[in-house]
Amino acid sequence: MAEPLERECAVCTNDFTTPKILPCGHLLCRECVISWIDSKCAAGCPLCRCPIVQQSDGSSSDTVDALPTDFVMEALVESARVLSKDHLCCVCEDVRADFICMQCQVMLCTTCKKAHKKLPVSRSHDVESVSTVTPERLAASRPALCADHGDKHAEFFCSEHRLAVCSACKSTKHKVCLETNYLDDEIKSVQNSLTDITKNLVEAEQKLEQAIGQLTSRLQEVDVSEQEDMAQVDKVCNCLYKLVEDVCNKLKDKCRKQHLKIRKSLCDVKTGFSNRLGKVTSHRHIVTRAVAVSPRPALIHMTQALTDRVNSLDLSTDLLGDKWEKPLSSVECCKEVVRRIEDELLMLKQEKTEAKVKFYPF
């Protein structure tokens, strides 16, 4: 169920108007995206900072219009708007309406409800209590209407023009179109495609979450490794600390830089995966919401765009290879330095002894 905040644009904080699907999967009003792009030289999504467009030589309106529209969210916003209006009977006007026709999308009082159910044109309609109807159910109940005749039910879908049409339009305006199928068959095909997309997104989401979890564990291992190495450095250097304090500090700095480099690399990978997870999850929400309110001709408009978008997410990429190799321990380096220092001290001691013998031969 789309909560009120989910129907709210992050820029204007109002209900969506022509919601556009950004590459990251977040939604913004069309006009809000245009103004956001025009106000910043390198505009990113205000929610996750992902680029809105990779590169565009055209106007911002053309760029935004190229983004897919979330027709399902648009229908949900409109349905929520219908339910939020004053509950007054559309016929009596000044009488409280406790019912709503799911097909006609109008409020009815008890008396008009009974009349509505007796009329031949509306006796098969579903009239329910307003208090029990959600925006999702209301949007899903909307009849498919002909794109050219808004008052006629659409029975066919023209793949060439991407329009739902009535039988009259199929026989006239779309008579020469190469592929005009039954709307129900087209919607079933779309639902199958959305099911496959959902499956791929769920699998990608699970893989990304698993990969991020492994990276988190490896980052913890890096922290433990750093602590262990630092302890070893302290242990080895303590014996010479008074004489070679500067050497000990240099070794610590070297150890710290090694782990900092690894940590930065892993964090970069984790951040990349988190961004990818955000995109995958956002698109999964869009697809799940689209499936929940089906059947609708709007789904057909979205399917190809969603399919292309999901394919561009590169869900099959190997997420986690050998991202971290533990660096060589600094302990052996420390021991080598100690050995050299001890050799140098021994040589100095011998030189001092020899010098003393020269001065004091007896």
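Going by an unreviewed UniProt entry, the protein chain carries the name RING-type domain-containing protein and comes from Pomacea canaliculata.

In total, this model carries 1 aromatic pair according to the counting rule given. Seen from the ring of F156, K170 lies directly overhead, with NZ or CZ sitting 5.1 Å from the centre.

Another point: the nonpolar core. The biggest cluster of nonpolar side chains holds 59 residues, and the ones touching the most others in it are L22, V33, L183 and L201. When residues of this core are traced back to their parent elements, those giving at least two are β2 (27-29), α1 (30-39), α3 (71-84), α7 (183-237), α8 (245-292) and α9 (297-312). The residues touching L201, leaving out its near neighbours within four places in the chain, are V280, H283, R284, V287, V310, L313 and L315. Counting residues in each nonpolar core, the second largest holds 16 residues, with C101, M107, C112 and L138 among its members.

Let us now look at the UniProt feature "coiled-coil region" (unreviewed entry) in the protein chain. Here the UniProt feature "coiled-coil region" (unreviewed entry) sits at residues 187-221 and 331-358. Strand forms 0% of residues 187-221 and helix 100%; the C-alpha atoms that close the span are 50 Å apart.

Here we take up the sheet that holds strand β4 (residues 107-108). The strand order across the open sheet formed by 3 strands is β4-β3-β5, and the pairing between neighbours is antiparallel. The sheet is open, and its two edges are formed by β4 and β5 (127-129), each paired on a single side. Looking at chain direction, strand β3 (residues 99-101) and β4 are connected through 2 bridges and run antiparallel. Bridge pairing links I100 to M107 in β4.

Bringing unusual backbone geometry into the picture now. Located in the positive-phi region is T13, a residue other than glycine, with phi close to 60°. Phi angles above zero are rare outside glycine, and T18 is one such case at about 50°. One can find T18 in the segment before β1 (19-21). T18 gets classed as partly exposed once you look at its relative accessible area, which sits at 27%.

As a further point, take the sheet that holds strand β6 (residues 156-158). Within the open sheet, the 3 strands sit side by side as β7-β6-β8. Their pairing is antiparallel. In this open sheet, the two strands that pair with only one neighbour each are β7 (163-165) and β8 (180-182). In this sheet, neighbouring strand axes are inclined to one another by 30° on average, regardless of whether the strands run parallel or antiparallel. Two elements, β6 and β7, share 3 bridges in a ladder whose sense is antiparallel. Its bridge partner being in β7, F157 is matched across the sheet by A164.

Here the structure, examined in full by the defined rule, presents 11 salt bridges. Note that D65 and R30 form a salt bridge whose closest N and O atoms lie 2.6 Å from each other. Of this pair, D65 sits in helix α2 (residues 60-65) while R30 sits in helix α1; the two residues are 35 residues apart in sequence, bridging distant segments of the chain. Since its relative accessible area comes to 39%, D65 is described here as partly exposed. Here D268 makes a salt bridge to K264, at a shortest N to O gap of 3.2 Å. Residue D268 and its partner K264 are located together in helix α8, separated by 4 residues, close to a single helical turn.

About the cut-offs
- Residues numbered from 1 in each chain as written.
- Predicted model: local features only at pLDDT ≥ 70, side-chain atom pairs only at ≥ 80, totals over all residues.
- Heavy atoms only, no water.
- Phe/Tyr/Trp six-rings, centres within 6.5 Å; stacked < 30°, edge-to-face > 60°.
- Lys NZ or Arg CZ within 6 Å of the ring centre and 35° of its normal.
- Core = buried A, V, L, I, M, F, W, Y, C linked by side-chain atoms within 4.5 Å.
- Buried < 20%, exposed > 50% of the residue type's maximum accessible area, 1.4 Å probe, protein only.
- Helix = DSSP H or I, 4+ residues; strand = E, 2+ residues; numbered from the N terminus.
- Contact = heavy atoms within 4.5 Å.
- UniProt positions renumbered as here; feature names shortened; annotations may be inferred.
- Pairing = 2+ DSSP bridges.
- Axes fitted to C-alpha atoms, helices over the stretch in contact; angles between N-to-C directions.
- Salt bridge = Lys/Arg side-chain N within 4 Å of Asp/Glu carboxyl O.

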